[in-house]
Amino acid sequence: AQSVSQHNHHVILSEAASLELGCNYSYGGTVNLFWYVQYPGQHLQLLLKYFSGDPLVKGIKGFEAEFIKSKFSFNLRKPSVQWSDTAEYFCAVNAEGNNRLAFGKGNQVVVIP
Amino acid sequence: SQTIHQWPATLVQPVGSPLSLECTVEGTSNPNLYWYRQAAGRGLQLLFYSVGIGQISSEVPQNLSASRPQDRQFILSSKKLLLSDSGFYLCAWSVRPETQYFGPGTRLLVL
């Protein structure tokens, strides 16, 4: 079964700082990769996803993620964060064709104005 | 467009009481449906998923059960709640296995 690791559960940074959240998974086969975001008081929503093709994926709100197959990683980045990026971010993985999504434990990101 | 509803939004129940949480999806047919529990600092744990009416797969042995009486309705139940059932329950849908879309969640507190 696939598993997902996210480190640094709590991240605090100032506006305009750069953000990078790590995500590593364990599964040897073909995977689909996702980042979800949960803003305070809102639904969990899809930020970006990777199925195939260009390993650098652009998402909403200026986020991007890079799939590095050799490192089993799918790190999320944003060059310059805003206060409105305060949220919890979850990485998720599923094996291709599998109904099950495995989630990481999440990163609670707080952006200080 | 597709929408997903969950109710109630918040629920406080005594230990030993029954539970019924409902999830409905609009704007799509024959979706895959999922129940997750989210605990702070522990991510989302898949509890059940369903690929069709009456078809339920359980991921974790527990005090809960799920049913799918209609194509776009998914119900999470318990006959007798435990304190450890407290948490935030999320329903999700997909029309392919890969991308799941989540509802607003139900916060359950068992006292």
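This text goes with the structure placed above it.
Residues numbered from 1 in each chain as written. Chains lettered and ligands numbered in written order. Predicted model: local features only at pLDDT ≥ 70, side-chain atom pairs only at ≥ 80, totals over all residues. Heavy atoms only, no water.

Draft legend 1. Representation of the overall build of chain A within the structure. Along the backbone of chain A there are zero helices and twelve strands. Listing the helices and strands of chain A from first to last along the sequence gives β-β-β-β-β-β-β-β-β-β-β-β. Over its C-alpha trace chain A gives a radius of gyration of 13 Å, about what one expects of a compact globule, namely 13 Å for 113 residues. With the C-alpha coordinates of chain A rotated into their principal frame, the extents come out at 40 × 25 × 20 Å. Counting across all 113 residues of chain A, residues that qualify as buried make up 48%. Contacts spanning at least 24 positions in sequence make up 56% of the contacts within chain A whose residues lie at least 6 apart. (Helix = DSSP H or I, 4+ residues; strand = E, 2+ residues; numbered from the N terminus. Rg over C-alpha atoms; globule rule 2.2 N^0.38 Å. Buried < 20%, exposed > 50% of the residue type's maximum accessible area, 1.4 Å probe, protein only. Contact = heavy atoms within 4.5 Å.)

Draft legend 2. Up close: the interface of chain B and chain A. The interface of chain B with chain A comprises 22 residues on the first partner and 20 residues on the second. Of all residues in chain B, L44(B), E98(B) and F102(B) give up the largest surface area on contact with chain A, accounting jointly for 29% of the area buried on that side. The interface formed by chain B and chain A includes one salt bridge. On inspection of chain B and its partner chain A, the count reaches six residue pairs in polar contact (both at pLDDT 80 or more). Among the secondary structure elements, those contributing two or more residues to the side of chain B that touches chain A are β4 (32-39), β5 (43-52), β9 (87-94) and β10 (101-102) of chain B. (Buried area = accessible area lost by both parts, 1.4 Å probe. Salt bridge = Lys/Arg side-chain N within 4 Å of Asp/Glu carboxyl O. Polar contact = N/O pair within 3.5 Å; in protein donor to acceptor, adjacent residues only side chain to side chain.)

Draft legend 3. The arrangement of the packing of aromatic side chains in detail. Enumeration according to the criterion identifies 15 aromatic pairs over all chains in this entry. Residues Y36(A) and F102(B) carry aromatic rings whose centres are separated by 5.3 Å and whose planes lie at 85 degrees to one another, so their mutual orientation is edge-to-face. One end of the pair, Y36(A), is in strand β5 (residues 31-38); the other, F102(B), is in strand β10, on a second chain. We note that Y36(A), like F102(B), is buried. Between the aromatic rings of Y50(A) and F67(A), the centroid separation amounts to 4.8 Å while the plane-to-plane angle is 35 degrees, which identifies the pairing as tilted. Taken together, the positions of Y50(A) in strand β6 (residues 44-50) and F67(A) in strand β8 (residues 64-68) put the pair 17 residues apart, joining distant regions of the chain. In this structure Y50(A) comes out as buried when scored by relative accessible area, which is 9%. Taken together, F34(A), Y36(A), F51(A), F90(A), F103(A), Y34(B), Y36(B), Y49(B) and F102(B) form an aromatic cluster joined through their ring pairs. (Phe/Tyr/Trp six-rings, centres within 6.5 Å; stacked < 30°, edge-to-face > 60°.)

Draft legend 4. Representation of the nonpolar core in the model. If you look at the biggest cluster of nonpolar residues, it comprises 29 residues, and the most contacted ones within it are W35(A), F74(A), L76(A) and Y89(A). For this core, the elements supplying multiple residues, two or more each, are β2 (10-14), β3 (19-21), β5, β6, β8, β9 (73-78), β10 (87-95) and β12 (107-112) of chain A. Every residue in contact with F74(A), bar those within four places of it in the chain, is listed here: C23(A), L33(A), F34(A), W35(A), L48(A), Y50(A), V57(A), A65(A), E66(A) and F67(A). Residues L47(B), F48(B), L64(B) and L81(B) belong to the second largest nonpolar core, which totals 20 residues. (Core = buried A, V, L, I, M, F, W, Y, C linked by side-chain atoms within 4.5 Å.)

Draft legend 5. Quick peek at the environment of V51(B). With respect to the helices, strands and loops of the structure, V51(B) is situated in strand β5. The exposure class assigned to V51(B) is partly exposed, which follows from its relative accessible area of 33%. Here the alpha-carbon distance between V51(B) and L33(B), two residues 18 residues apart in the chain, equals 6.7 Å. Non-local contacts of V51(B), meaning those with residues more than four positions away in its chain, are made with N99(A), N30(B), P31(B), N32(B) and R68(B).

Draft legend 6. A look at the side chain of T99(B). Assignment of secondary structure puts T99(B) in the loop between β9 and β10. Side chain to side chain, T99(B) and K49(A) meet in a polar contact 3.3 Å long. Those residues in contact with T99(B) that sit more than four places away from it in its chain are F34(A), Y36(A), L46(A), K49(A), F51(A), W93(B) and S94(B).

Draft legend 7. Fine view of the sheet that holds strand β7 (residues 65-70) of chain B. All names here are of chain B. Sheet architecture is open: four strands sit in the order β1-β3-β8-β7, paired in antiparallel fashion. Each edge of the open sheet carries a strand with a single partner, namely β1 (3-7) and β7. This sheet shows a mean twist of 20 degrees between the axes of neighbouring strands, independent of strand direction. Sheet topology note: the β7/strand β8 (residues 73-78) ladder contains four bridges and is antiparallel. Looking across to β8, one finds that S65 is bridged to S77. (Pairing = 2+ DSSP bridges. Axes fitted to C-alpha atoms, helices over the stretch in contact; angles between N-to-C directions.)

These figures capture arrangement, not role.
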